[in-house]
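Secondary and tertiary structure notes
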Amino acid sequence: MTVSSDAVIELRDATKSYPGGVHALRRVNLTVEEGELLAVVGPSGSGKSTMLNVMGTLDKPTTGTVRVAGYDVSELSDSRLSALRARHIGFVFQHFHLAAGRDAVDNVADGLLYAGVPLKERRTRAREALAKVRLDHRCSHTPNELSGGEKQRVAIARALVGDPRLLLADEPTGALDTASGEIVMELLHELNASGTTICVITHDNEIADSLPRRVRFKDGEIVSDARSGARSASRTEEVGS
Amino acid sequence: MKHDLKPSRLCARDILRVGAVGLRARRARVVLSALGIAIGIATMVAVVGLSESSRADLMAQLDRLGTNLLTAEAGEDPMGQPIKLPKNAVAMVERVGPVQHATATADVDARIRRSDVVPEERTAGVTTQAARIDLLSALGGEVDKGVWLNPVGERLPTTVLGAVAADRLGITRTGETIMMNDTRVVVVGILKPLELVPNLDRVAMVGFPAAERYFGFDGHPTTIFERSTDASVEDVRAVLARTISPGNEAGVKVSRPSDALAAKAATDEGLTTLMLGLGAVALLVGGVGVANTMVISVLERRQEIGLRRSLGATRGAIRLQFLTESLLLSALGGATGALLGAVATYGFAQVQGWMAVVPLWSLAGGLAATLLIGVVAGLYPAIRASRLHPTVALNAT
């Protein structure tokens, strides 16, 4: 039980297999420290979506150990995993998943619903989170009154509102035009600068390259794990391979 | 370093808010599926309300009219011959201890015509009866127009018409004359309908002395009316026939007119049961509608379920959300139905001139049925929703 207390995610020999001999993850080892901003990048079918599910505790590994915020995922019951997600993990999805017909504040406040925060406080904190993503002027707008980029910023605010130890973003710019996508990525950088640990799952090399750490997946295995210091080196390495 | 990961429970207000989310987003469907429940509950509440209102009305009528009136009619002797009650039958009945009041009527053989130009064969469907002047008070009847027979009038060729008789003869005011046999008789009064003895409504009544003098009536009463204390009705009933016609009791038919009204209150029960059954079927169909709506709702909202799971909702929280939604849906229908049923009861009672009675138990029963349906209809969809795997739910299209 040696856990470094500041590791937000720790995968040890994690595999995930599905019936029919599909191995989505093969003995993956990965440690994400507090305050990191990393990309999990790979083509579709590379296992990066499974990584998202496993890191987000939506799915358990078939074998191996996954620790999130210090908790061994395989030891936790479904309801404890739910509580772990409620308190320590924020999700941002490609298609936002906002509730139509409810304004931005209510959508963001739902991020605290299952953490046992009373309604009034949920709304106050939702307004603060919306201010963080610079949408304080859109508080009472419903999703269909917002642009795609604004919707994604509302979704980011919802993921942030509970001050999670880890923010998982699944193709956060996938449904956005380039300009909106840039704003969203800028926002993620800002949030990381103020201390949030962020993991972006993407198939887009350009987006991955803009992040300080890039974990590349192929066929369920990590093929490279490069940090900013060695950015140019890793780039040439990949071009060469 | 680690603190225990205990999932938080939603407070009641949040449970309701979350349960209502799905309803607010699909209003038309909510209205339609709640309508099924509403129809069922409205039917049941209205059926119970109407039957209770009608029963209450009959009971009030019985209270007003009293249940202590007995009648004894002359029937036939074992040989099939009509028997005659003794002339002093009323006096004999009055001597029975608990009897408070006794009076009589008698069939009189006098054919009634509207006027002497109407041929004798064409009678008006109205018969003549001799009546004692205390008859009206004994029956609790009331005069609509004119006066009742008095000690003077009972000796003169004057008559008082029952409500139906006046109608059949076309007489709307007193002072007109009709023909009894060949005697011109003045109508001095018209009665209001007699609720306890409706057959007297079709009769023209003359005094005993007048009947004897003008129509050759022999003075033997045909029907004895008697009122006693409420407690002794059965005792009096047991001795009445023997008192009136000693030795020929079998020929005297004793009955209690209020029994007919009481029977009317009871006969409604069969119909009420049938209608309640129909209401229950409507409610069942409504429940199936709610279940159907909930199943579809769960299918359509898999992404929402996935999102909520990612936000930290436990399986229990998802189950509770859909169960609450189902409960709210059927409660909405139930409340609307109870209101509609009550309004229908009041409206119909108003038209009938009854006092509307909507028993509290029928409302409580409707509510309980509604909640039961909400749980039963919502349980399966809710369990299905809670068993969805978060990743499957999130990736559903």
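Residues numbered from 1 in each chain as written. Chains lettered and ligands numbered in written order. Predicted model: local features only at pLDDT ≥ 70, side-chain atom pairs only at ≥ 80, totals over all residues.

In the nomenclature of an unreviewed UniProt entry, chain B is known as ABC transporter permease of Streptomyces atratus. Here is the UniProt Sequence similarities (unreviewed entry) comment for chain B, exactly as written: "Belongs to the ABC-4 integral membrane protein family." What UniProt states about chain B under its Subcellular location (unreviewed entry) heading is, verbatim, "Cell membrane". (UniProt positions renumbered as here; feature names shortened; annotations may be inferred.)

So, on to the overall build of chain A. Along its length, chain A carries eight helices and ten strands. C-alpha atoms of chain A, sized along the principal axes, occupy 50 × 40 × 35 Å. Sorting the 241 residues of chain A into buried and exposed places 50% on the buried side. Put simply, 68% of the contacts in chain A that link residues at least 6 apart link residues at least 24 apart. (Helix = DSSP H or I, 4+ residues; strand = E, 2+ residues; numbered from the N terminus. Buried ≥ 20, exposed ≤ 12 C-beta atoms within 10 Å, placed from the backbone. Contact = placed C-beta atoms within 7 Å.)

As a further point, take the overall build of chain B. Looking only at helices and strands, chain B features twelve helices and eleven strands. The C-alpha atoms of chain B give 35 Å as radius of gyration, which overshoots the globular expectation for 397 residues (21 Å, by more than 25%). With respect to the principal axes defined by its C-alpha atoms, chain B has extents near 115 × 50 × 35 Å. Taken across its 397 residues, chain B has 43% of its residues classed as buried. For chain B, long-range pairs separated by at least 24 residues make up 84% of all intrachain contacts whose partners lie at least 6 apart in sequence. (Rg over C-alpha atoms; globule rule 2.2 N^0.38 Å.)

This part covers the domain arrangement of chain B. Domain parsing of chain B yields domain 1 (12–62 + 262–395) and domain 2 (69–257). Here the C-alpha centroids of domain 1 of chain B and domain 2 of chain B sit 57 Å apart. (Domains from an automatic or database assignment.)

Further remarks concern the pairing of strand S3 (residues 37–41) of chain A. Residue and element names in this part refer to chain A. Summarising burial for S3: five of the five residues are buried, a large majority. Burial along S3 is two-sided: Leu-37, Ala-39 and Val-41 and Leu-38 and Val-40, pointing in opposite directions, are all buried. As judged from the five bridges shared by S3 and strand S8 (residues 197–202), these two strands associate in the parallel manner. Paired with Val-40 across the two strands is Ile-201, which belongs to S8. As defined by bridge partners, S3 adjoins strand S9 (residues 213–218) across four bridges and the pair is classed as parallel. (Pairing = 2+ DSSP bridges.)

Residues and elements named next belong to chain B. Given a rise of 1.5 Å per residue, twelve residues ought to cover 16 Å, and the 16 Å separating the end C-alpha atoms of helix H7 (residues 233–244) matches this to within 8%. Buried within H7 are the following residues: Val-233, Val-236, Leu-240, Thr-243 and Ile-244. The buried residues of H7 occupy one face: seen down the axis, they fall within an arc of 85 degrees. Exposed and oriented more than 90 degrees from the buried face of H7 are Glu-234 and Ala-238. In this structure, the buried side of H7 is in contact with strand S1 (69–74), helix H3 (89–94), strand S2 (99–108), strand S10 (223–228) and strand S11 (252–255). (Expected span 1.5 Å × (residues − 1). Arc of directions from axis to C-beta.)

Another point: the nonpolar core. Residues Val108(A), Ala157(A) and Cys199(A) are the most contacted members of the largest nonpolar core, which totals 118 residues. The leading source of residues in this core is helix H2 (residues 27–65) of chain B, at 13 residues. Residue contacts for Ala157(A): discarding those within four places in its chain leaves Val108(A), Ala129(A), Leu130(A), Lys132(A), Val133(A) and Leu135(A). With 53 residues, the next largest nonpolar core counts Leu139(B), Val187(B), Leu196(B) and Val197(B) among its residues. (Core = buried A, V, L, I, M, F, W, Y, C linked by C-beta atoms within 7 Å.)

On to the sheet that holds strand S4 (residues 63–68) of chain A, then. Read from one edge to the other, the open sheet built from four strands follows the order S2-S1-S4-S5 (chain A), with strand pairing classed as antiparallel. For this open sheet the edge positions go to strand S2 (22–33) and strand S5 (71–72) of chain A, each flanked by a neighbour on one side alone.

Contact residues are listed per partner, giving 28 residues for chain A and 23 residues for chain B. It is helix H2 (residues 78–88) of chain A that contributes the most residues to the side of chain A that touches chain B, eight residues altogether. Split into classes, the residues belonging to the side of chain A that touches chain B amount to 13 nonpolar, ten polar and five charged. (Nonpolar A, V, L, I, M, F, W, Y, C, P; charged D, E, K, R; others polar.)

Our next topic: the pairing of S2(A). Residue and element names in this part refer to chain A. Examined bridge by bridge, strand S1 (residues 7–18) and S2 share eight bridges and lie antiparallel to one another. Directly across from Ile-9, in S2, lies its bridge partner Val-32. Counting the residues in the hairpin turn of S1 and S2 gives three residues, including Gly-20, whose phi is positive at 95 degrees.

All right, on to the UniProt feature "domain: ABC3 transporter permease C-terminal" (unreviewed entry) in chain B then. The sites that UniProt annotates as "domain: ABC3 transporter permease C-terminal" (unreviewed entry) are residues 278–390 of chain B. The distance separating the terminal C-alpha atoms of residues 278–390 of chain B is 43 Å; by composition the span is 88% helix and 0% strand.

Turning our attention to the packing of H2(B) against helix H10 (residues 315–352) of chain B. Residue and element names in this part refer to chain B. It is the contact of H2 with H10, at a shortest axis distance of 6 Å, that shows an interaxial angle of 35 degrees. H10 is crossed by H2, and the crossing has right-handed handedness. The class makeup of the residues in the contact of H2 with H10 is 20 nonpolar, twelve polar and no charged. (Axes fitted to C-alpha atoms, helices over the stretch in contact; angles between N-to-C directions. Left-handed = near helix turned anticlockwise from the far one by under 90°.)

Attention shifts here to the packing of H10(B) against helix H11 (residues 360–387) of chain B. Packed helices, taken two at a time, are described by their axes: the angle between them and the distance between them. All names here are of chain B. The contact between H10 and H11 brings their axes to 7 Å, and the two run at 150 degrees. As the angle between them shows, H10 and H11 are arranged roughly antiparallel. As H10 packs across H11, the resulting crossing turns out to be right-handed. (Parallel < 35°, antiparallel > 145°, perpendicular 65-115°, else oblique.)

What follows deals with H2(B). Residues and elements named next belong to chain B. With 39 residues, H2 extends 54 Å between its outermost C-alpha atoms, agreeing within 8% with the 57 Å of an ideal straight helix rising 1.5 Å per residue. Where H2 bends most, at Leu-35, the angle is about 25 degrees. The first or second residue beyond H2 is Gly-66, which carries a positive phi of 85 degrees. (Bend = angle between axes of the 7 residues up to and from the residue.)

Let us look at the confidence of the model for chain A. Mean pLDDT over chain A: 89, with 93% of residues reaching 70 or higher. In this model, residues 230–241 of chain A is a region of pLDDT below 50 whose contacts with residues beyond four sequence positions or in other chains number five contacts. (pLDDT = per-residue confidence, 0-100.)

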